[in-house]
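As a plain string of letters, each chain reads:
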Amino acid sequence: MIKNLAGFVGEDNVKAQVSLNEYTTFRVGGAAEIMVIVNTMEEMAKVIGFLNKCNANYFVLGNGSNLLVSDEGYKGIVIKPSGKLTDMVVVGNKITAGAGALLSNVCKTAADYSLTGMEFAYGIPGTVGGAIVMNAGAYGGDMSMVVDGVEAVTKEGEIIYVSPHSLRFDYRKSDVAKAGIVVAMVSFKLSPGNEEEIRATMKDIMARRVEKQPLEFPSAGSTFKRPKGHFAGQLIEEAGLKGFRIGGACVSPKHAGFIVNDANATAKDISDLIDAVKKKVYDNSGVKLETEVIKIGRF
């Protein structure tokens, strides 16, 4: 398998037994059997086409900011976009960015070119690809409001164009996974704005994040989706769970919607704490919490 993958991306870009705790914002998890770094859309297409022909398990890794990897690791291939898949190009009011580009960098680039519309995403610790999959959003905005089009790779290894309408964006989800495609490049359609005002908005959003969120500890951001008619953090706090912990994982005393790794937690600590919070909140309020965090590996 390694030899075949190296034929697509070069030997230096295929590695065995790569610890994933360095690649996730929770800073937990075991090793991936193989990690393959893809630097272009064409490399991504070849790798994905090959892996599907082999019926291999694979996962595309962005910034690992919405991910919980099992302590046992991942028995499969992790695809890591890099190189040209982290680049950005600005033409008029549009920014085209690779799936591996950080959202915050897209926001900064938009400000550099006096383009408004991306401010809400400043501080979201994910990549462009992951943001499309999850329809990432904050402070009144989400990806569905700014995406103009997506270039994606099919299971057969074909590069296709996908319209925003086809992605069926909804609250913290899209049809990307359901369609069996992998996001490679995204175009954002923005509007001309005032650079000073854009930067002031971004600064305000970041200040609010620092004030309200436990950014000083490893976490995956908001652990739970917002239930209809409720706020997850408020429900968790009302259930008396602020500061509640299992092992090295803790419900943040600063913001109950965040589970943090503040004492060398294991992935099992975090997973068990998520399950305990769900149960307690349901017992207390009758509301079923859904996680934003994606689990890979055995739990």
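Source: prediction; values computed, not measured.

Q: What is the right way to read the packing of aromatic side chains from this model?
A: Centre-to-centre distance and the angle between the planes together describe a pair of aromatic rings. Taken as a whole and judged by the stated rule, the model has one aromatic pair. One residue, Lys295, lies across the ring of Phe299, its end atom 5.2 Å from the ring centre.

Q: Is there a simple way to think about the pairing of strand β7 (residues 94–98) in this case?
A: Every other side chain in a regular strand lies on the same face of the sheet, so the side chains alternate between the two faces. Judged from the four bridges that link them, strand β6 (residues 88–91) and β7 form a sheet pairing that is antiparallel. When the bridges of β7 are listed, Val90 appears paired with Ile95. Two successive antiparallel strands, β6 and β7, enclose a turn made up of two residues, where Gly92 displays a positive phi of approximately 60 degrees. Across five bridges, the pairing between β7 and strand β13 (residues 182–189) is antiparallel. Of the residues in β13, the one forming a bridge with Lys94 is Lys189.

Q: Just to check I follow, could you spell out the side chain of Asn13 for this structure?
A: Relative to the helices and strands, Asn13 is located in the loop between α1 (2–9) and β1 (14–19). With relative accessibility at 17%, the residue Asn13 sits in the buried group. There is a polar contact of 2.9 Å between the side chain of Asn13 and the backbone oxygen of Val9.

Q: So what exactly am I meant to see when it comes to the sheet that holds β6 here?
A: Within a sheet, each strand pairs with its neighbour through backbone hydrogen bonds, oriented either parallel or antiparallel. Read across the sheet, five strands follow the order β6-β7-β13-β11-β12 without closing on themselves; strand pairing throughout is antiparallel. The two strands at the open ends of the sheet, each matched to only one other strand, are β6 and β12 (159–162). For this sheet, the mean inter-axis angle between neighbouring strands, taken without regard to orientation, is 20 degrees. Relative to β12, strand β11 (residues 147–153) is paired through four bridges, and the arrangement is antiparallel. Looking at the pairing, Val150 lines up with Val162 of β12. Along the sheet face, helix α2 (residues 41–53) touches β11, β12 and β13 and points at about 145 degrees away from the line of β13.

Q: Just checking my understanding: could you explain the sheet that holds strand β18 (residues 258–261) for this structure?
A: What the four strands build is an open sheet, ordered β15-β18-β17-β16; its pairing is antiparallel. Strands at the two margins of the open sheet, each flanked by one partner only, are β15 (219–222) and β16 (245–246). Where β16 lies against strand β17 (residues 249–251), two bridges are found, and the strand directions are antiparallel. Along β17, the bridge assignment pairs Ile246 with Ala249.

Q: Quick question: what am I supposed to make of the environment of Val38 here?
A: Checked against the element boundaries, Val38 lands in strand β2 (residues 31–38). The spacing of Val38 and Lys242 is 204 residues in sequence and 41 Å in space, taken between C-alpha atoms.

Q: Hey, could you run me through the nonpolar core in this one?
A: Here is a general trend for soluble globular proteins: nonpolar side chains tend to be buried in one another's company. Core analysis: the biggest nonpolar cluster contains 36 residues, and Met118, Ile132, Met143, Val150 and Phe188 have the highest contact counts within it. Considering each element in turn, this core owes the most residues, five residues, to helix α3 (residues 103–112). Among the nonpolar cores identified, the runner-up in size contains 24 residues, and Ala220, Leu235, Ala265 and Leu289 belong to it.

Q: Before we go on, may I ask you to explain the packing of α1 against α2 in this structure?
A: In a pair of packed helices, the angle between the axes and the distance between the axes together describe the arrangement. Remark: α1 packs on α2, axes separated minimally by 9 Å, with the N-to-C direction vectors making an angle of 155 degrees. As the angle between them shows, α1 and α2 are arranged roughly antiparallel. α2 is crossed by α1, and the crossing has right-handed handedness. Together, Asn4, Leu5, Phe8 and Val9 of α1 and Glu43, Lys46, Val47, Phe50 and Leu51 of α2 make up the contact between the two elements. Looking at the contact of α1 with α2, its residues break down into six nonpolar, one polar and two charged.

Reading guide: rules and limits
- Residues numbered from 1 in each chain as written.
- Predicted model: local features only at pLDDT ≥ 70, side-chain atom pairs only at ≥ 80, totals over all residues.
- Heavy atoms only, no water.
- Phe/Tyr/Trp six-rings, centres within 6.5 Å; stacked < 30°, edge-to-face > 60°.
- Lys NZ or Arg CZ within 6 Å of the ring centre and 35° of its normal.
- Pairing = 2+ DSSP bridges.
- Helix = DSSP H or I, 4+ residues; strand = E, 2+ residues; numbered from the N terminus.
- Buried < 20%, exposed > 50% of the residue type's maximum accessible area, 1.4 Å probe, protein only.
- Polar contact = N/O pair within 3.5 Å; in protein donor to acceptor, adjacent residues only side chain to side chain.
- Axes fitted to C-alpha atoms, helices over the stretch in contact; angles between N-to-C directions.
- Contact = heavy atoms within 4.5 Å.
- Core = buried A, V, L, I, M, F, W, Y, C linked by side-chain atoms within 4.5 Å.
- Parallel < 35°, antiparallel > 145°, perpendicular 65-115°, else oblique.
- Left-handed = near helix turned anticlockwise from the far one by under 90°.
- Nonpolar A, V, L, I, M, F, W, Y, C, P; charged D, E, K, R; others polar.

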